[in-house]
Amino acid sequence: GKVRTLSRGLEIEKTGYTNILRLSYSGPDPRECARIVNMIALVYRDRALLARSGELERLQKFYLQEMEREERRLIEAERAYQVFQERVRITGVREPLVKRLSDLRVERQQFLRQFQPVHPKVAKVDGEIAALEKEIADLPRSDLEEARFKREVNAAQARAAQASGKYYDSINTEGTMIGTTEIVSPAQAPREPVRPILSLNLMIGGFAGLFLGFLGALVLILLFLFIVKR
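Residues numbered from 1 in each chain as written. Predicted model: local features only at pLDDT ≥ 70, side-chain atom pairs only at ≥ 80, totals over all residues. Heavy atoms only, no water.

### Points about the overall build of the protein chain
- Across its full length, the protein chain holds 5 helices and 2 strands.
- When the helices and strands of the protein chain are placed in sequence order, the string is α-β-β-α-α-α-α.
- A burial count over the protein chain gives 17% of its 230 residues as buried.
- Considering only contacts within the protein chain whose residues lie at least 6 apart along the sequence, 67% involve residues at least 24 apart.
- A total of about 18300 Å² of accessible surface is found on the protein chain, and carbon and sulfur atoms cover 59% of it. (Helix = DSSP H or I, 4+ residues; strand = E, 2+ residues; numbered from the N terminus. Buried < 20%, exposed > 50% of the residue type's maximum accessible area, 1.4 Å probe, protein only. Contact = heavy atoms within 4.5 Å. Areas by Shrake-Rupley, 256 points an atom, 1.4 Å probe, with all protein chains shown as cover.)

### Things to note about helix H3 (residues 94-112)
- The terminal C-alpha atoms of H3 lie 27 Å apart, and with 19 residues this matches the ideal 27 Å at 1.5 Å per residue to within 8%.
- Of all the residues in H3, the buried ones are Leu97, Leu101, Leu104 and Phe111. Along the axis of H3, the buried positions cluster into a sector of 80 degrees, meaning they face one direction only. The exposed residues of H3 that point more than 90 degrees off its buried face are Glu95 and Lys99. (Expected span 1.5 Å × (residues − 1). Arc of directions from axis to C-beta.)

### Structural notes on the pattern of salt bridges
- A full pass over the atoms with the stated rule returns 7 salt bridges.
- Where Glu70 meets Arg159, a salt bridge forms, and the shortest distance between an N and an O atom there is 3.2 Å. One end of the pair, Glu70, is in helix H2 (residues 30-88); the other, Arg159, is in helix H4 (residues 120-172), with 89 residues separating them in the sequence.
- By sharing partners, the salt bridges in this structure join Glu70, Arg73 and Arg159 into a single network. (Salt bridge = Lys/Arg side-chain N within 4 Å of Asp/Glu carboxyl O.)

### Comments concerning the side chain of Glu70
- Judged by relative accessible area, Glu70 falls into the buried class, the value being 6%.
- In this structure, Glu70 is in contact with Arg159, Ala160 and Ala163, ignoring residues within four places of it in sequence.

### Focus on the nonpolar core
- Membership of the largest hydrophobic core is limited to 9 residues, which are Leu97, Leu101, Leu104, Phe111, Val122, Val125, Ile129, Leu132 and Ile136.
- Broken down by secondary-structure element, the contributors of at least two residues to this core are H3 and H4.
- Here this core takes 5 residues from H4, the largest share from any one element.
- Setting aside its immediate chain neighbours within four residues, Val125 contacts Leu104, Glu107, Arg108 and Phe111.
- Counting 8 residues, the second largest nonpolar core, distinct from the first, contains Leu74, Tyr81, Phe84 and Ala160. (Core = buried A, V, L, I, M, F, W, Y, C linked by side-chain atoms within 4.5 Å.)

### Some points on a nonpolar patch on the surface
- On the surface, a nonpolar cluster with roughly 320 Å² of combined accessible area is contributed by Ile12, Leu21 and Tyr44.
- Within the secondary structure, Tyr44 sits in helix H2.
- Taking relative accessible area as the criterion, Tyr44 reaches 49% and is therefore assigned partly exposed. (Patch = residues over 30% accessible without salt bridge, like charges linked within 9 Å, V, L, I, M, F, W, Y side chains within 5 Å.)

### Structural notes on the environment of Tyr25
- Here Tyr25 shows up in strand S2 (residues 21-25).
- By relative accessible area, Tyr25 is classed as buried at 18%.
- Separated by 11 residues in sequence, Tyr25 and Ile36 have C-alpha atoms that sit 7.5 Å apart.

### Let's talk about the confidence of the model for the protein chain
- A residue-level look at the protein chain finds 67% of positions with pLDDT of 70 or above and a mean pLDDT of 76.
- Within the protein chain, no element has a lower average pLDDT than helix H1 (residues 2-9), which sits at 57, and none a higher one than H3, at 85. (pLDDT = per-residue confidence, 0-100.)

### Some points on the packing of aromatic side chains
- Counted by the stated rule, this structure contains 5 aromatic pairs.
- Seen from their ring centres, Phe62 and Tyr63 are 5.8 Å apart, and the 55 degrees between their planes marks the pair as tilted.
- Judged by relative accessible area, Phe62 falls into the partly exposed class, the value being 46%.
- What makes Tyr63 buried here is its relative accessible area of 17%. (Phe/Tyr/Trp six-rings, centres within 6.5 Å; stacked < 30°, edge-to-face > 60°.)

### Some remarks on the environment of Gln82
- Locating Gln82 in the fold gives a position in helix H2.
- C-alpha separation for the pair Gln82 and Phe149, spaced 67 residues apart in sequence, amounts to 9.3 Å.

This is the structure we're talking about:
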């Protein structure tokens, strides 16, 4: 059809090591050839812009889903840390326990000045000391658990910020889409025919005429010599 007919006269070549494409079209009407080249260039530019717009739209949708997913993970991490804090309430616990343990040990030393180690008062203090020592010994595990929750929250915040940055960067990219494919120089109708090349054809015709003339003369000479010999 018409597209196949147009494609026969169309030539596309890359300019050097650049991304610039050079389009040319051959036909009997120079103005029509220039119009066809400009029309093809405009269609290519518009299609490239539409393709990039569709690709960017898909990319924005992907980044939006990623951002929403990371925000949900951040909310879950913060909620888990809050539940942990409410359950354990470590803040400010160690110091009072250490002070209470120190007071009990001083009190025990005072009791030992008056009573034997098996005395009920001394035994009671020993029980309280043992319970406090166990409670304090369990605190480092809670501290480590709290540090783990903090790390998870910080990591979730970083991932959410990164995903959010990608999404908003893709939105800002929309403003730079126009001009990604541009027509550097519109086609102009040539003043002289590109093909056939008149000067080249005249030169080739001249050489061909000389060759044929020489060949004809040679044939006549050979024919004359053949007649003379007879």
